[in-house]
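# Overview (structure and organization)
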Amino acid sequence: MSNESTAGPSGTESPQPHALIRGLTNDQRDLVSVSAILLVVVVVAALASGGTFLQPGNLVNVLQQNVVLFVLAIAQFIVVLTSGIDLSVGAVVALSSVLFVGYLDFGVLPALLIAVAGGALVGLVNGLMVVLIRLPSFVATLGAMQIVYSIAKLFTGGAALHASLGGAPIPDAVTGFYDRSVLALPYPTLVFVAVFIAALVYLRSSVGYFLYAIGSNDRAARFAGLPAGKLRVGAYVVASAITAIGGVLFAARVSYGDPQAGLWLPLDTIAAVSIGGASLTGGRGTILATVLGVLIIAILNNTMNLIGISPTLQPAIKGLIIILTVFLYSRRGS
Amino acid sequence: MSAATHDLVATGSTGWRRIDVLARNGQIVVLVLLAALGGLFEPGFFSRLNLSAIGYQYSVIGLIALGQFAVILTRGIDLSQGSLIAISSMVSALTVPSLGLPGSIAATLAASTALGLVNGAVVAWTAVPAFVATLGMMGIARGIALTLTNGNPVPMTDAGFHHIAWGRVYDLPVPFLLFVVAGIVIALFLSRWPLGRHLYAVGGHEENARLSGISVSRVKLSAYALSGLLSGIAGLIVTSRMSTGHPLSGMNYELESIAAVIVGGASLFGGTGRVSAVIAGVLILGVANSVINLSGLSPYLQGALKGSIILVAVALSQIGLRSGRGRG
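Residues numbered from 1 in each chain as written. Chains lettered and ligands numbered in written order. Predicted model: local features only at pLDDT ≥ 70, side-chain atom pairs only at ≥ 80, totals over all residues. Heavy atoms only, no water.

With that out of the way, let us pick up the overall build of chain A. Regarding its fold elements, chain A presents 14 helices and two strands. Its C-alpha atoms give chain A a radius of gyration of 20 Å, near enough to 20 Å, the size a compact globule of 334 residues would have. Each principal axis of the C-alpha atoms in chain A carries an extent, and together these give about 65 × 55 × 35 Å. Split into buried and exposed, the 334 residues of chain A put 54% on the buried side. Within chain A, residue pairs in contact and separated by at least 24 positions form 77% of the contacts whose partners lie at least 6 positions apart. Summed over all atoms, the accessible surface of chain A reaches about 13,700 Å², with 67% contributed by carbon and sulfur. A distance of 9 Å separates the average location of the 15 positive side-chain charges in chain A from that of its 11 negative side-chain charges. (Helix = DSSP H or I, 4+ residues; strand = E, 2+ residues; numbered from the N terminus. Rg over C-alpha atoms; globule rule 2.2 N^0.38 Å. Buried < 20%, exposed > 50% of the residue type's maximum accessible area, 1.4 Å probe, protein only. Contact = heavy atoms within 4.5 Å. Areas by Shrake-Rupley, 256 points an atom, 1.4 Å probe, with all protein chains shown as cover. Lys, Arg positive; Asp, Glu negative; His and termini not counted. Charge placed at Lys NZ, Arg CZ, Asp CG, Glu CD.)

Structure representation (structure tokens):
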């Protein structure tokens, strides 16, 4: 993990850090930069929208609309941490949404488990392709994306799924999920908090620290005796299982299973993860900064909608964000 | 990884090397076997209609595979090809009323080459990895293509444009000829032209290439520009075929171009590969695809099968390449 002392930056390339952040760890510095970006984005959003952005209704809206993205970014971060990238997130959302709706005949919980198992299976295949065959992750997951979309369409016959396979309508427990709350906390937010805590526990465990190790230097980690292959496959499985939970949330939000969902999710999640300061070459980043990164993307989306920028331009802006943030972060000292 | 180029054209042939040719052209053997099987089990396989369909679809893939090959040679990757096809499609349909046919083609190719150059500039001059730079461009180009008309397709109004995809010269479809010509030009470029040979050098060992006086950034810029240019030509063919400029065209084509290059025996880690084998790789995918199409399976099952074949083929090539390198 990147907790090295910053007392004296010995590398000639790394600039002398500003007095404000001297003495902080890399992770803390990243958190400071992401928070600064977030602050700027909030101010810009408030000004550009003439104050509409800051209205409580809109703020709740931003969070509610992006719960799926929050969950998925955590999954993407876990893969990115191992120096991989997961382009199949959108397809896994599509697959898990149709599996969930399709198997609601068995009850909500079994359907959820089937959807998550389906997602985990995709993650297993991704991980094995990356570890055993040593395919670059973007090739393996790009291929998986196509296959998984096809399987999702095969499952529904191509159309969206508005009822379970047995023909039963989607129960209220699912369609009303987004409208219910406990102690003013909406259910979907609770799911996000649960996923966040689980991921935090995972990454703070010894396994998590090993993931940082194999992400920053795979060879060194292997020489140190870490089972890098197993850990990496595990990371893909965990990530895709989390993605599937996001897919079930998506199905609950729109009240159907969509075999074509999530076209832009790879771009969205990678933009969020990279703006959150995670290194796309692995081994660096924190889950908290990733969540702030999602917040930045979510606010940008919301503001663009509020001020009437065409939604078709949004992929372009996210593409730009990915390149710019990776470029800027590539210049930071390590 | 050795920087040696495995280019038969360039190295010439000695007597014993001919025996080796069959082994080193495994792709062509696979291709012939696959086509024979196709003809045996699917009566429609060798029909004129089917061959034309393969010829059209895989000329498009083939053109971008040649560009992808140049980029992969430098140890890069271009994930933006499908989006560049889309933007080319939109630019050609939108500019044809005002610029006419030649002007519109020029504008299209200029636009796609310029975006390829942007990819190259980011990869050559910054520390941004190639897959990040071109993933970003995937979003940027697709977003612009969609925004130009708010996501709506644009009818292609010029009648002459029709010939790019549908025309025939000596009974050969124009797209196929474009693919063949591009293949020959790029084979000569890679084997005879210093800049072309430098692509191998940069991919084989970038630091060595730089120390031998090669301008690494110039080499990378040209590889990505070439990929952009070829994506532009592919975009023209797609537009002509549909008589429509469509912002969603070319979706996921980069996967097939990457697969064709890898099936053609190039390494994703750069520095090795031959144009002839890449062309064979394109045709292998085309034939496999056609057999699946003729099989009458559900189109969604076909999609899953095609994706699996691509991944298995890429996986086998990667494994074969590794073991081959171990022996050599």
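That shown, we press on.
All right, on to the overall build of chain B then. Of the regular secondary structure elements, chain B holds 14 helices and four strands. When each of the 328 residues of chain B is scored for burial, the buried share is 54%. Across chain B, contacts joining residues at least 24 apart in sequence account for 78% of those joining residues at least 6 apart. If you sum the accessible surface of chain B, you get close to 13,200 Å²; carbon and sulfur atoms cover 69% of it.

An α-helical segment advances 3.6 residues per turn. Residues three or four places apart therefore align on the same side. Given a rise of 1.5 Å per residue, 45 residues ought to cover 66 Å, yet the end C-alpha atoms of helix α5 (residues 81-125) of chain B are separated by just 20 Å, more than 12% below that figure. The principal kink in α5 of chain B, of about 130°, is found at Leu 99 of chain B, preceding the proline Pro 102 of chain B by one to four residues. (Expected span 1.5 Å × (residues − 1). Bend = angle between axes of the 7 residues up to and from the residue.)

What follows covers the interface of chain B and chain A. At the interface, 41 residues of chain B touch 41 residues of chain A. For the chain B and chain A pair, buried surface summed over both sides reaches about 3,400 Å², with 82% attributable to carbon and sulfur atoms. Looking only at chain B, the three residues that lose the most surface to chain A are Leu 255, Tyr 300 and Leu 311 of chain B, adding up to 18% of its buried area. At the surface where chain B touches chain A, the tally comes to zero salt bridges. Where chain B meets chain A, there are five residue pairs in polar contact (both at pLDDT 80 or more). With 13 residues, the single largest contributor to the side of chain B that touches chain A is helix α6 (residues 130-148) of chain B. Residue composition of the side of chain B that touches chain A, by class: 25 nonpolar, 13 polar and three charged. (Buried area = accessible area lost by both parts, 1.4 Å probe. Salt bridge = Lys/Arg side-chain N within 4 Å of Asp/Glu carboxyl O. Polar contact = N/O pair within 3.5 Å; in protein donor to acceptor, adjacent residues only side chain to side chain. Nonpolar A, V, L, I, M, F, W, Y, C, P; charged D, E, K, R; others polar.)

Turning next to the environment of His 163 of chain B. For His 163 of chain B, the position within the fold is in helix α7 (residues 163-166). Separated by 74 residues in the primary sequence, His 163 of chain B and Ile 237 of chain B have C-alpha atoms spaced 9.1 Å apart.

On to the environment of Asp 30 of chain A, then. With respect to the helices and strands, Asp 30 of chain A occurs in helix α1 (residues 26-48). What makes Asp 30 of chain A buried here is its relative accessible area of 5%.

On to the pattern of salt bridges. Side-chain pairing between opposite charges can occur once the charged atoms of the two side chains come close. All names here are of chain A. In total, this model carries three salt bridges over all chains according to the counting rule given. Where Asp 218 meets Arg 222, a salt bridge forms, and the shortest distance between an N and an O atom there is 2.7 Å. Here Arg 222 and Asp 218 lie together in helix α10 (residues 218-223), a separation of four residues that amounts to about one turn. Taken together, the shared-partner salt bridges in this structure form one network comprising Asp 218, Arg 222 and Arg 232.

Right, let's talk about the side chain of Ser 97 of chain A for a bit. Relative to the helices and strands, Ser 97 of chain A resides in helix α4 (residues 89-102). Ignoring sequence-local partners within four residues, the contact set of Ser 97 of chain A consists of Gly 247, Phe 250, Ala 251, Gly 257 and Asp 258 of chain A.

A separate point is the confidence of the model for chain A. A residue-level look at chain A finds 93% of positions with pLDDT of 70 or above and a mean pLDDT of 85. This stretch, residues 1-14 of chain A, has a pLDDT under 50; its non-local contacts, to residues over four places away or in other chains, come to 16 contacts. (pLDDT = per-residue confidence, 0-100.)

With that out of the way, let us pick up unusual backbone geometry. Where the residue is not glycine, phi is negative for most of them; where a peptide bond is considered, it is trans in most cases. Residues and elements named next belong to chain B. Even without glycine at this site, Asn 150 takes up a positive phi of about 60°. Even without being glycine, Ser 243 reaches a positive phi, approximately 55°. The topology assignment puts Ser 243 in the loop between α11 (216-242) and β4 (244-245).

Counting residues in hydrophobic clusters, the biggest one holds 194 residues, and the most contacted among them are Ile 74 and Phe 100 of chain A together with Phe 69, Ile 77, Leu 79 and Leu 190 of chain B. With residues near it in sequence (within four places) discarded, Phe 69 of chain B still touches Leu 190, Tyr 200, Val 261, Ala 266, Thr 272, Gly 273, Arg 274, Val 275 and Val 278 of chain B. (Core = buried A, V, L, I, M, F, W, Y, C linked by side-chain atoms within 4.5 Å.)

All right, on to helix α9 (residues 194-204) of chain B then. Buried within α9 of chain B are the following residues: Leu 195, Gly 196, Leu 199, Tyr 200, Val 202, Gly 203 and Gly 204 of chain B. Those residues of α9 of chain B that are buried are in contact with α4 (48-73), α8 (174-192), α10 (206-211) and α11 of chain B.

Enumeration over the complete set of coordinates arrives at seven aromatic pairs over all chains. Note on Phe 138 of chain A and Phe 131 of chain B: the rings are 5.4 Å apart at their centroids and 15° apart in plane angle, and the pair reads as stacked. Separated into two different chains, Phe 138 of chain A in helix α6 (residues 137-156) and Phe 131 of chain B in helix α6 make up a pair that spans both. In terms of burial, Phe 138 of chain A and Phe 131 of chain B fall into one category: buried. On the basis of an interplanar angle of 90° and a centroid distance of 5.4 Å, the ring pair of Phe 189 of chain B and Trp 193 of chain B is categorised as edge-to-face. A network of ring pairs unites the aromatic residues Phe 70, Phe 192 and Phe 196 of chain A as a single cluster. Over the aromatic face of Tyr 56 of chain B sits the side chain of Arg 241 of chain B, whose NZ or CZ is 3.9 Å from the ring centroid. Above the plane of the ring of Trp 166 of chain B lies Arg 241 of chain B, whose end atom (NZ or CZ) is 4.3 Å from the centre. (Phe/Tyr/Trp six-rings, centres within 6.5 Å; stacked < 30°, edge-to-face > 60°. Lys NZ or Arg CZ within 6 Å of the ring centre and 35° of its normal.)

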